[in-house]
Amino acid sequence: DVKVTQSSRYLVKRTGEKVFLECVQDMDHENMFWYRQDPGLGLRLIYFSYDVKMKEKGDIPEGYSVSREKKERFSLILESASTNQTSMYLCASSPGTGGSNQPQHFGDGTRLSIL
Amino acid sequence: DQQVKQNSPSLSVQEGRISILNCDYTNSMFDYFLWYKKYPAEGPTFLISISSIKDKNEDGRFTVFLNKSAKHLSLHIVPSQPGDSAVYFCAASWFGRGGGNKLTFGTGTQLKVEL
């Protein structure tokens, strides 16, 4: 079974802090993704990566950056946290081969509160 | 612009009856569609998928139907069980320039299966 592990289940930070959310997958997947989930808005893609050191913007990248130094690890960085970044953050991974028919596998999420 | 829409935020059915969850999409580039199930405090788990070259895919109690001309898909759960109570997300993707393995999610439908 694919395992996607997010380092924290719950996190409370203050406005203006730099926040790091970590994600590790154990299936040697090429693709990794960061989403946020908000009530009534579903899951929205923040950033994704097809390979080490590669990154691409998703639909809502403003205020975020990412880092992928190793294949199994994908970090989401909130450069200067703001209250509107309070959300559930979900990391996912998927294989890079086989065309489009590759389900993404998700971690259990990090509930981030910015005070 | 919501490219994947789930117009029913909630659905309530009785145990043993059929649950039908609906999803509409606007982007004709989508060629792969998925359903995810999400329990509170857990990440989404992949349920079932369908390629655009098919109109039906079945897996046990779960069947997904795709109507490409109407840009509509539905998930049928028969018979519904209390453990099926969760939020269901519809997602879509396409492979190729601009698509890759990115998923676009709907806003979710909360299914409640009552005894």
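Our subject is the structure listed above.
The structure displayed is predicted, hence computed values, not measured ones. Along every chain, residues carry numbers that run from 1 in the direction the sequence is written. Key to labels: chains lettered from A, ligands numbered from 1, both in the order written. At least 70 in pLDDT is required for a residue's local features to be given in this predicted model, at least 80 for side-chain atom pairs to be given and counted, and no such filter applies to totals for whole chains, interfaces and linings, which use all residues. Calculation of side-chain values draws on the structure's entire complement of heavy atoms; hydrogens and water are dropped beforehand.

K.L.:
I tried to follow the overall build of chain A on my own but got confused; where do I start?
P.N.:
When its secondary structure is counted, chain A shows zero helices and eleven strands. Seen in sequence order, chain A has helices and strands lined up from the N terminus as β-β-β-β-β-β-β-β-β-β-β. Our radius of gyration looks at C-alpha atoms and nothing else; its globule reference is 2.2 Å times the residue count to the power 0.38. At 13 Å, chain A has a C-alpha radius of gyration in line with the 13 Å of a compact globule built from 115 residues. With the principal axes as the frame, chain A shows a C-alpha extent of 40 × 30 × 25 Å. Out of the 115 residues in chain A, the part that is buried amounts to 48%. For this analysis, residues touch if any pair of their heavy atoms sits within 4.5 Å. Pairs at least 24 residues apart make up 55% of the contacts formed inside chain A by residues separated by at least 6 positions. Per-residue and other accessible areas were derived by the Shrake-Rupley procedure at a 1.4 Å probe size, with only the shown protein chains allowed to occlude residues. As displayed, chain A offers around 5600 Å² of accessible surface, 48% of which is attributable to carbon and sulfur atoms. Only DSSP runs of H or I covering at least 4 residues are called helices, and only runs of E covering at least 2 are called strands; the numbering of each starts at the N terminus. Working definition: with a 1.4 Å probe on protein chains only, accessible area under 20% of the residue-type maximum means buried, over 50% means exposed, and in between means partly exposed.

K.L.:
How should the side chain of Gln6 of chain B be read in this particular structure?
P.N.:
Residues and elements named next belong to chain B. With respect to the helices, strands and loops of the structure, Gln6 is situated in the loop between strand 1 (4–5) and strand 2 (10–14). Looking at Gln6, its side chain comes within polar contact range of the main-chain oxygen of Tyr88, at 3.0 Å. Once you skip the residues sitting within four places of it in the chain, Gln6 turns out to touch Asn22, Cys23, Trp35, Tyr88, Phe89, Cys90, Gly106, Thr107, Gly108 and Thr109. We call two N or O atoms a polar contact when they sit within 3.5 Å, provided that within protein one can donate a hydrogen and the other can accept it, with sequence-adjacent residues counted only if both atoms are side-chain atoms.

K.L.:
Any chance you could explain the interface of chain B and chain A here in plain terms?
P.N.:
In many reports, interface size means the accessible area that the parts give up when they come together. At the interface, 22 residues of chain B touch 24 residues of chain A. The term buried area means the drop in 1.4 Å probe accessible area that two parts suffer when joined, counted for both and summed. Each partner contributes to the roughly 1800 Å² buried at the junction of chain B and chain A, and carbon and sulfur atoms together form 59% of this total. Together, Asn101, Lys102 and Phe105 of chain B form the three largest contributors to the area buried by chain B at its contact with chain A, with a combined 30%. Every case where a carboxyl oxygen of Asp or Glu lies within 4 Å of a side-chain nitrogen of Lys or Arg is listed as a salt bridge. Across the chain B-chain A interface, the total number found is zero salt bridges. On inspection of chain B and its partner chain A, the count reaches three residue pairs in polar contact (both at pLDDT 80 or more). For the side of chain B that touches chain A, the elements supplying multiple residues, two or more each, are strand 4 (32–38) and strand 9 (86–93) of chain B. A class-by-class count of the residues in the side of chain B that touches chain A yields eleven nonpolar, seven polar and four charged. All residues other than Ala, Val, Leu, Ile, Met, Phe, Trp, Tyr, Cys, Pro, Asp, Glu, Lys and Arg, Gly among them, are scored as polar; the first ten of these are nonpolar and the last four charged.

K.L.:
Is there a simple way to think about the environment of Val24 of chain A in this case?
P.N.:
Residues and elements named next belong to chain A. Tracing the sequence through the fold places Val24 in strand 3 (residues 19–25). Look at Val24 and you get partly exposed, because its relative accessible area is 26%. Residues Val24 and Glu79, 55 residues apart in the sequence, show an inter-C-alpha distance of 21 Å. Sequence-distant contacts of Val24, defined by excluding residues within four places in its chain, comprise Lys3, Val4, Thr5, Glu72 and Arg73.

K.L.:
Please explain the packing of aromatic side chains as it appears in this structure.
P.N.:
Centre distance and the angle of the planes are the two values used to describe a pair of aromatic rings. All names here are of chain A. What counts as a ring pair is set by centres within 6.5 Å for rings of Phe, Tyr and Trp (its six-membered ring), and what kind of pair is set by the plane angle: stacked under 30 degrees, edge-to-face over 60, tilted for all other angles. Here the structure, examined in full by the defined rule, presents 14 aromatic pairs over all chains. Centre to centre, the rings of Phe33 and Tyr35 are 6.3 Å apart; their planes meet at 25 degrees, and the pair counts as stacked. Like Tyr35, Phe33 is buried. On the numbers, 5.5 Å between centres and 40 degrees between planes, the contact of Tyr35 with Phe106 is tilted.

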